[in-house]
Amino acid sequence: MKIMVIQGPNINMLGFREVGIYGAMKMEEIHEQMQNAASQNGVELDFFQSNFEGEIVDKIQESLGTVDGIIINAAAYTHTSVAIRDAISAVALPTIEVHISNIYRREEFRQKSLIAPVCAGSIVGFGPFGYHLALMGIIQICEQVKNLRAMQQNNA
């Protein structure tokens, strides 16, 4: 199983920016923890971070046929990007949205996720641990998809 982890704008600044909101853990440390958990579960991870909306859209599209699922923290683009929403919808891969902070306890403009409706689930407010929860969730979802496809092939 292979999972793409996509990080949006300013996630590369974790550990430096607004530590009171996002914590002291750096993106690389989050990725290292995810990699450890993925290895224990026989899962391969690819990591991608960009501050540019179009590059994120490109990476989502490139994921079609190359990975089993996506974990995405679209960061600020969560609230503004129809393009990222459309890309997630187009590839139809199981996708879990992650937010380090609880967006529902923040400014009003951050409380609306444009991508949540096209994701299998959203994890918000658990800090960096949310990425671990997303990883366990996407593994479960991808296993269910795999089993469903196998059952459908056996019945065909």
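Residues numbered from 1 in each chain as written. Predicted model: local features only at pLDDT ≥ 70, side-chain atom pairs only at ≥ 80, totals over all residues. Heavy atoms only, no water.

Engineer: Looking at this structure, I do not really get the pairing of strand E1 (residues 2–7). What am I missing?
Structural biologist: Across a regular strand the side chains alternate sides, sitting on one face of the sheet and then on the other. Of all six residues that make up E1, five are buried, and the element is covered over most of its length. Bridging between E1 and strand E2 (residues 44–49) involves six bridges; their strand directions are parallel. Considered in E2, the bridge of Lys2 is made with Glu44. Summarising the sheet, E1 and strand E3 (residues 69–73) pair through five bridges and their orientation is parallel. When the bridges of E3 are listed, Met4 appears paired with Ile70. (Buried < 20%, exposed > 50% of the residue type's maximum accessible area, 1.4 Å probe, protein only. Helix = DSSP H or I, 4+ residues; strand = E, 2+ residues; numbered from the N terminus. Pairing = 2+ DSSP bridges.)

Engineer: Even after reading the chapter, I still don't get the side chain of Gln7, so can you show me in this structure?
Structural biologist: Looking at where Gln7 falls in the secondary structure, it is placed in strand E1. Judged by its relative accessible area of 0%, Gln7 is buried. Excluding residues within four positions of it along the chain, Gln7 makes contact with Met27, His31, Phe48, Gln49, Ser50, Asn73 and Tyr131. (Contact = heavy atoms within 4.5 Å.)

Engineer: Looking at this model, I keep getting lost on the UniProt feature "transmembrane region" (unreviewed entry) in the protein. Mind explaining?
Structural biologist: In the numbering used here, UniProt assigns the "transmembrane region" (unreviewed entry) feature to residues 114–139. Note that residues 114–139 is 42% helix and 15% strand, and that its end C-alpha atoms are spaced 24 Å apart. (UniProt positions renumbered as here; feature names shortened; annotations may be inferred.)

Engineer: For this particular structure, what's the right way to read the UniProt feature "active site" (unreviewed entry) in the protein?
Structural biologist: UniProt feature "active site" (unreviewed entry): in the numbering of this structure it lies at Tyr22 and His99. Spanning 78 residues, the named residues form one tight spatial group whose C-alpha atoms are at most 9.4 Å apart. As for the annotated residues named above, the ones lining the largest pocket are Tyr22 and His99. For Tyr22, the location among the structural elements is in helix H1 (residues 19–22). Excluding residues that lie within four positions of it along the chain, Tyr22 makes contacts with Leu14, Arg17, Ile100, Ser101, Arg106 and Arg110. Residue His99 is classed as buried on the basis of its relative accessible area, which comes to 5%. The contacts of His99, once residues within four sequence positions are left out, are Asn73, Ala75, Thr78, Ile123, Val124, Gly125 and Phe126. Engagement of the side chain of His99 in a polar contact is seen with the side chain of Thr78, the distance being 3.4 Å. (1 Å grid on protein atoms, 1.4 Å probe; cavity = no way out; pocket = protein on both sides within 12 Å on 5 of 7 lines; lining within 4 Å. Polar contact = N/O pair within 3.5 Å; in protein donor to acceptor, adjacent residues only side chain to side chain.)

Engineer: So what exactly am I meant to see when it comes to the layout of surface pockets here?
Structural biologist: A water-sized probe, rolled over the atoms, reveals where empty space remains. Counted as a void, the largest pocket has a volume near 190 Å³. In terms of lining, the largest pocket is formed by 16 residues, of which the most central are Tyr22, Ala75, Ala76, Arg106 and Arg110. When grouped by side-chain class, the residues that make up the lining of the largest pocket number eight nonpolar, five polar and three charged. (Points joined across faces, edges and corners; volume = space filled by probe spheres on them. Nonpolar A, V, L, I, M, F, W, Y, C, P; charged D, E, K, R; others polar.)

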